[in-house]
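Listed below, chain by chain, are the residues.
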Amino acid sequence: MIKPDAIFNKVTDISVEFLKENHIKGVILDVDNTLLNLDEEMLPGAKEWVKSLKNNGFKICIASNSVKKSKLDRVAKELDLKYIRWSLKPLKRGLKKALRIINIQNKEVAEIGDQYFTDVIGAKRMKMFSILTKPISNEKHWINKVKRKIEQFL
């Protein structure tokens, strides 16, 4: 349940070819520490990576557990994507909404994020292909540091 289908250093390392080889047609993206660092700066190359996926026919949506509408509005506008905020991953609610937006069957969708307990488990519960990326930044809050230690152990 917590083993991702693939692990990459960062989202920009995930190639179009890799996604096609795994029969992926759609992508659901996390934001915090996946597309943005903890200072809310975009990962270098992320905009070009998203554009490349779109140019190759992939449908993409953001599903974030963040409640910060202004941050998500900015990222969605910059990447020209729709988003679900406060998606409550690993619960299914937000991921189901994202699937409705991209209108692709769950087995043809990759959920990409940096956390086992939200992104990987959420993808597994929805029977999606799960891709774990390493966090862009080191955690600042003590609870997240503890969670990361547990994830490293697993």
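Before reading on, note that the structure itself is shown above.
Since the model is a prediction, treat every value here as computed from it, not as a measurement.

Q: Lay out the pattern of salt bridges with the relevant residues and their values.
A: Under the definition given, this model contains 11 salt bridges. Notably, a salt bridge pairs Lys68 with Glu40, separated by 3.4 Å at the nearest N-O pair. Of this pair, Lys68 sits in the loop between β3 (59-63) and α3 (69-79) while Glu40 sits in the loop between β2 (26-29) and α2 (46-55); the two residues are 28 residues apart in sequence, bridging distant segments of the chain. Overlapping salt bridges bring together Asp30, Lys89, Glu111 and Asp119 as one network.

Q: Tell me what's going on with the pairing of β2, and back it up with residues and numbers.
A: The alternating pattern of β2 places Gly26 and Ile28 on one face and Val27 and Leu29 on the opposite face, and all of these are buried. By the bridge criterion, four bridges tie β2 to β3 in an arrangement that is parallel. If you follow Ile28 over to β3, its bridge partner there is Cys61. Of the crossover connections in this fold, the one passing from β2 over α2 to the parallel β3 is right-handed. Pairing between β2 and strand β5 (residues 109-113): four bridges, direction parallel. Bridge assignment links Val27 to a residue of β5, and that residue is Ala110.

Q: Can you lay out the nonpolar core for me, pointing to particular residues and giving the numbers?
A: Soluble, globular proteins show a tendency: their nonpolar side chains are buried together. Core analysis: the largest hydrophobic core is formed by 30 residues, its most contacted members being Leu19, Leu29 and Ile131. At the level of secondary structure, the elements contributing two or more residues to this core comprise β1 (6-8), α1 (16-21), β2, α2, β3, α3, β5 and β6 (129-133). In terms of residues, this core owes the most to one element, α2, which gives four residues. Discounting chain neighbours no more than four positions away, the residues touching Ile131 are Ala6, Phe8, Ile14, Phe18, Leu19, Ala110, Glu111, Ile112 and Gly113.

Q: Can you break down unusual backbone geometry residue by residue, with the values?
A: Among all residues save glycine, negative phi is the norm, and among peptide bonds the norm is trans. A cis geometry characterises the amide bond from Lys89 onward to Pro90, with omega recorded as 20°. In this structure, Trp86 takes a positive phi of about 50° despite not being glycine. Mapped onto the elements of the fold, Trp86 is located in the loop between β4 (82-84) and α4 (92-102). Exposure remark for Trp86: the relative accessible area of 46% places this residue in the partly exposed category.

So, how was this worked out
- Residues numbered from 1 in each chain as written.
- Predicted model: local features only at pLDDT ≥ 70, side-chain atom pairs only at ≥ 80, totals over all residues.
- Heavy atoms only, no water.
- Salt bridge = Lys/Arg side-chain N within 4 Å of Asp/Glu carboxyl O.
- Helix = DSSP H or I, 4+ residues; strand = E, 2+ residues; numbered from the N terminus.
- Buried < 20%, exposed > 50% of the residue type's maximum accessible area, 1.4 Å probe, protein only.
- Pairing = 2+ DSSP bridges.
- Right-handed = clockwise from strand over helix to strand, strands pointing away.
- Core = buried A, V, L, I, M, F, W, Y, C linked by side-chain atoms within 4.5 Å.
- Contact = heavy atoms within 4.5 Å.

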